[in-house]
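Summary of structural features
What follows is the residue order along each chain.
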Amino acid sequence: MSWVTTDAPTRAELDACVTCGLCLPHCPTFRLTGDETASPRGRLTAMAAVAEGLAPLDATFEEIMGFCLQCRACEAACPSLVPFGRAMEGARAELTAQRPSRVRTVRHWVLGRALAMRRVVAVATFAVAIAQRLRLDRVGAGPLARLRGLRRLPIPPRPTVGRRFPTAASRRGTAALLAGCVMDPWFSDVHTATVGVLTRAGYDVVVPSAQTCCGALAAHDGAAAAAKALAARNVAAFAASDLVVVDAAGCSAHMKEYGAWADEGAAVAARVRDVTELTAELVAAGALPSIPGDGERVAVQDPCHLRHAQRITAAPRALVRAAGYTPVEIDPAAMCCGAAGVYTVLRPDTSRELGVRKAAQVRDAGVEVVVSANPGCEMQLRGLLGASHRVLHPVELYWHALEQEKERS
Amino acid sequence: MSFLDALHAVVGRERVRSQPLELLLFAKDAGVRAGTAAAVVFPETPEETAACVRVAREWGVPVIPRGAGTGLAGGAVPEEPGLVVVMTRMNRIHSVDVAGRTAWVGPGVINLDLSVELGRHGLHYAPDPSSQSACTIGGNVGTNAGGPHCLAEGTTVAHILAVELVTADAEIHILGGEAPDPPGLDLRGVVVGSEGTLGLVTRILVKLTQNPPHVRTLLIAFADVAAAAKTVSDVIAAGIVPAALEMMDREMVRAVENFVHAGFPTEAAAVLLAEVTGFEDGVVAEAGTIARIADAAGANEVRVASEGAERDEWWRGRKSAFGAVAQAAPDYYLHDTVVPRTKLVDVLTDVYEIGGRYGLTMLNVFHAGDGNLHPLVAFDAREPGMLDKVEEAAKEMVRVSVEAGGSLSGEHGVGSEKRDLMPLVFDPVDLDAQARLRDAFDPDGLFNPGKVLPSGSRCADFDYVAAGAVP
Amino acid sequence: MTGTADRALAPYLETIPDPLPEGLPAVGHVVAPRSVDEAAAILAIASRHGLSVLVWGGGTHQGYGHPVRSDVVLLTTEMRRVVEWLPDDLTVLVDAGVPVAELTRMLDERSQTPVLPEHPGDATVGGVVAAGISGWGRLRYGPVRDRVLQVVIVTGDGRVVTGGGRVVKNVTGYDLPRLATGSLGSLGVIATVCLKLWPRPSFAASIAVSDPVEALAKAYRPLAVLETDAGSWVYLTGTEAEVVAQARALGGAAEEGLGWPDPLDDPGVVVVRVPPRLTPEAVRRVRSIDGGVRFRAAHGVGEVRVGLVSGDGGPVAVLRRWAESHEGSVVLERAADGWTLDPWGAPPGSVDLQAKVKAAFDPAGVVNPGRLPGGI
């Protein structure tokens, strides 16, 4: 038996790999282990073996696939242009179909359903906010310690979904914002900054209420059916939007691939922009100002799904410069910080090993501020860096500079 | 106690792989042929490596060393079910002597990592195989790896001062040394390029090279391949040995451009990358001479890379060429012959003729300055009869190269892939001598059996009586 | 020597040169094969009859290693064809007996160089390769073994073995050319050699400097940085503009051309070899030898040639103890008659492995027996 679903890695995807091995050094798990079974080439070979019926889809296969962070650094390094991320999502969908387990079922309910239920997220958010007030996240190293990476959650929450933010400037167009599953309650400051910057640039910002979670976490984990359902809802919600702006890199990367997840998905996907690239373009075009500053050094952390999946590297640096700061490189190898969505929960040791490495790079850079365009990375960094460093989205850094500039003038 | 138990006792359970699917992933390298791994082990010290060798010898299991698995000749492929000893975890740079320009490194250190690490001292490790971002120094030692910049700097062996070798009796030897010309036979020189057949290399003393004060990289486009090849011969004949002199034909340029988007001229029939290094005046003069020679040979365009990013992109393109072939077809087969530079035009013409006659998709990318050809056939192995056809054509290409005075391999190694072609360049006495040399290190054939030498190389009958010896 | 062996060797005794080269030891027979086949026949006879053979080229480096007690001296000087020179390919194929000076002169006509020793005397190409002797230019071009592309070795038991190939880059089979280089004839007779050539740069200059260590650190890929009892110089080659610019950067008085120091003509010479960074310390130790000595130090290489005026082993032993404590060596290059100096010092740790490798080529142990460290 090989594959059983239509989501499985296709022959063309697997054939694209000529096993040259150039991906190996770019893979964080290969770097940690030196082990072919923990490498992109090894994972593709394992998929091909199952596809050709040379090996069973067994626990070993599950472990080989499960160890992958899905950072897609291999994809950016691949001269054969193998769509590794897609193939891995397919392999995980096969695991879901062929190796059912209670743990996975529960996890998929959380990623595919609960995250899309605003009431569930709101209740959880409230509980976390209370825990923060009681400083429970400061105690010990238990599960609550993971919350250390979170921003302080506002009580009451300030949701954006369903709202409309008209521009006061000369009108450039309408931008539809993805509110996101946890972005809205947990990272509302990022939305504030995004809305502020876009309205300043002349966009009316709308946040369609029919939208839902983008489905990235479900897709990465092999919850293909749930991911498709979520994608379909969003495709409908954003069908009329000329421009879909996303301020979480993991979500923008996934929505740009909606063509593979929903009927008519490609049309929406083509209109999705990550807020960093859009804002950097607006600055470059003169629609937004460059703010003079004292050139304080700010470290740029590249979220994998911004840098590798979307190949966006210049934009966050351009935003840092436009905000009057000097961008500082911390990791030329652009390794994953270990957050990697739910990976941080599923494989805490590996996640932490990579996170500690990234945090050390930030400390070595001698900066006080780090920007990261993805919520997972942000939490990982804040959790490991502690109070000594400020971690925020590059668009926030720019927005704060805009606001200060306004106060000054 | 089983073989696996014995390995577990040496390195612990977590550094042994033995599940069938896991073993499958160690069955091949970056080449086309697969073998069978019986177990995989990841030692972290020379002593652990020696202990693994001892276990393998006791159980009569062959030992196959492996680095990053980027080899193209099957050097890391277990020809018979064997213990694959992966050296990637021995990846420490043990020491760097900046004044003496040497470093002791573990075999698992990645080639490019070493140069990046040395950058702050103004030094680098010169051999730069195309896979340098992934391949290990230990693997480079195994194959005596080359690379574009070996034209002026020599291949790996010229940059290895000493190796620490675990031999078949599980002893640890240091061969060579930091001081020049150590007394006695140069066993270091024999181990480099021995493709893991003489022992396992566990530490390496490398020579480091000064970073050049100036670099100038030229990209030269031609309307026909012969004019590009003629330029190569003419440059060498003019007394210039550039730091690198590389060639790609149109198909290759297009595949590479799809990946790097470096603005390569995709309409040109052939593109030369030429690089000169040194003091500014010399660099400018040599680059000028090369441009003039190219003009005279009929070049369409000569571009000079801007410092830094553009040059890096050009080289990234060149070095990802093999991988980029996958865009043309799912499989590729390439050779690594070297011909006298003066025969480049003739041999290239023949190579294209052979490809055309067999109706194969040919791409060419190679170290033109060295005469080191990589004629490459892109194909789909699932087409019935295709692999046979490709291998037949490849054999013809090798024959053409050898007849022009060339050799089988310039940098990839013989491995299993070219093993049976060895009689094209060596007679039975030569091969027997090589087999005897191997036996001196490894009399029982423990290490990487089936590599380098065709079976039957060791002829007991060569109790040699030369012509005229009998009175 | 038995009568049978005499008869077997008889056909090869007619070609010996007259007069014989100076310094040949008094032995039963001197033979001078004119071809690879003749050399093979002679060694097969030697192996069969257990005759030990001393291989002799120009005789310039016979002082290396333990003395060889030999029954036969095999002269390579009658094998002296330049077989093929491909100037446009930068390779040359020569018989072992071709004198280095003659080859260098010939290649100079096309502005090419084999980068062999600058003062070869009567040395032959085969001899220089067998002894592993590099020129001063090794700092820039690497040691002589980096230039040997192909060798034909006639093994101790008379097999004709070709290793390597006649192209500039080759990894086909084990690297016999490097194994043969510096083997001091212990594997067999090196019969032909293919060398990689370099274009001779159009301009050269030497610059007197006061601090060779600083000069080595500052210079970009000089040809050599030498220090002798008479001073220190940096040697540069390249285009004129390049050399002049670099000379200016080094801040010394440049003199056009390569004014190499004269070779040492003391009755004895030892070569101190240490990790390159220890060259200054080696020089300091050599300078402090009682009574003063002449020396030639190659900075960046780690080699100091030291002239000896007496057979007193004391200073050599002191230097050797120090060098060996840093994984270096002190090797005797030549000694006057009657001196009893240890030629090698401590044998390398791999001596057993080396013995097995020699036996693979010379199973009867007849060519240059005992010459290598450890008496191999």
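Described in the following lines is the structure provided in the data block. For every chain, the first residue of the written sequence is number 1, and numbering continues from 1 along that sequence. Throughout, the order in which chains and ligands are written sets their labels, letters from A for the former and numbers from 1 for the latter. Local features in this predicted model are restricted to residues of pLDDT 70 or higher, and side-chain atom pairs are both shown and tallied only at a pLDDT of 80 or more, whereas totals for entire chains, interfaces and linings draw on every residue. Computation of side-chain values covers all heavy atoms of the structure but excludes hydrogens and water.

The pairing test for Phe, Tyr and Trp rings, Trp by its six-membered ring, is centres within 6.5 Å, and the orientation test on the planes gives stacked under 30 degrees, edge-to-face over 60, and tilted for anything in between. On inspection of all chains with the given rule, the structure shows seven aromatic pairs over all chains. An angle of 55° between the planes, with centres 6.2 Å apart, marks the rings of Trp3(A) and Phe61(A) as tilted. Taken together, the positions of Trp3(A) in the segment before helix H1 (11-15) and Phe61(A) in helix H4 (residues 59-66) put the pair 58 residues apart, joining distant regions of the chain. Note on accessibility: Trp3(A) and Phe61(A) belong to one class, buried. Charge over a ring is defined by NZ of Lys or CZ of Arg lying within 6 Å of the ring centre and within 35 degrees of the ring normal. Just above the ring of Tyr141(C) sits the side chain of Arg140(C); from NZ or CZ to the centre is 5.0 Å. In this text, helices come from DSSP runs of H or I with a minimum length of four residues, and strands from runs of E with a minimum of two, each type numbered from the N-terminal end. Between buried and exposed lies partly exposed: a residue is buried under 20% and exposed over 50% of the maximum accessible area for its type, with that area taken using a 1.4 Å probe on protein chains only.

So, about the packing of helix H3 (residues 40-51) of chain A against helix H6 (residues 84-98) of chain A. Each pair of packed helices can be summarised by the angle the axes make with each other and by the distance between the axes. Residues and elements named next belong to chain A. In this analysis an axis means a line fitted to C-alpha atoms, helices contributing only their contacting stretch, and an angle means the value between N-to-C directions, from 0 to 180 degrees. As a packed pair, H3 and H6 sit with axes 11 Å apart at the nearest point and diverge in direction by 50°. Considered as vectors, H3 and H6 are oriented oblique to each other. Here the hand of the crossing between H3 and H6 comes out left-handed. Residues Pro40, Arg43, Leu44 and Met47 of H3 lie in contact with H6, whose contacting residues are Phe84, Ala87, Met88 and Ala91. Grouping the amino acids of the contact of H3 with H6 by side-chain chemistry returns seven nonpolar, no polar and one charged. We call two directions roughly parallel when the angle between them is under 35 degrees, roughly antiparallel when it is over 145, roughly perpendicular when it lies between 65 and 115, and oblique otherwise. Take the far helix as the reference: if the near one is turned anticlockwise from it by less than a right angle, the crossing is left-handed, and if turned clockwise, right-handed. Note on contacts: a residue pair is in contact if any heavy atoms of the two residues lie within 4.5 Å. Lys, Arg, Asp and Glu make up the charged group, whereas Ala, Val, Leu, Ile, Met, Phe, Trp, Tyr, Cys and Pro make up the nonpolar group; the residues left over, Gly among them, are polar.

Attention now moves to the arrangement of the chains. Where the two pairs of chains in contact are concerned, the greatest contact count is recorded for chains B and C. Regarding chain A and chain C, the two do not touch, and the least distance separating their C-alpha atoms is 21 Å.

The next point concerns the interface of chain B and chain C. The partner chain C presents 79 residues to the 88 residues of chain B that form the contact. Accessible area that two parts lose when put together, with a 1.4 Å probe and added across both, is what the buried area reports. Both sides of the chain B and chain C interface together cover about 6600 Å² of buried area, and 61% of this is carbon and sulfur. Interface area lost by chain B to chain C is led by Asp181(B), Leu185(B) and Phe279(B), which between them contribute 12%. Salt-bridge detection follows one rule: a side-chain nitrogen of Lys or Arg within 4 Å of a carboxyl oxygen of Asp or Glu. Connecting chain B to chain C are 11 salt bridges. Notably, a salt bridge pairs Arg138(C) with Asp181(B), separated by 2.8 Å at the nearest N-O pair. Pairs of N or O atoms within 3.5 Å make up the polar contacts considered here, provided that, within protein, one atom can donate a hydrogen while the other can accept it, and that residues adjacent in sequence are counted only when both atoms are side-chain atoms. Inspection of the region where chain B meets chain C yields 20 residue pairs in polar contact (both at pLDDT 80 or more). At 10 residues, helix H15 (residues 428-441) of chain B tops the list of elements feeding residues into the side of chain B that touches chain C. Here the residues of the side of chain B that touches chain C are counted per class, giving 42 nonpolar, 31 polar and 15 charged.

What follows covers the sheet that holds strand S12 (residues 224-228) of chain C. All names here are of chain C. Two strands pair under a simple rule: DSSP has to find at least two bridges between them. Strand order in this open sheet of eight strands is S14-S11-S13-S12-S16-S17-S15-S18, and the pairing throughout is antiparallel. The open sheet is flanked by strand S14 (253-256) and strand S18 (329-334), the only strands paired with a single partner. Sheet twist, expressed as the mean angle between neighbouring strand axes with direction ignored, is 25°. Along the sheet, helix H9 (residues 279-287) contacts S12, strand S15 (268-273), strand S16 (295-298) and strand S17 (303-308); its crossing angle with S16, the most-contacted strand, is approximately 170°. Across the sheet, helix H10 (residues 314-325) touches S15, S17 and S18, and the angle it forms with S18 is around 140°.

The next point concerns the environment of Pro65(B). All names here are of chain B. Structurally, the position occupied by Pro65 is in strand S3 (residues 63-66). As a C-alpha pair, Pro65 and Glu195 span 130 residues in sequence and 8.6 Å in three-dimensional space. Excluding residues that lie within four positions of it along the chain, Pro65 makes contacts with Ala76, Val85, Gly196, Leu200 and Asn448.

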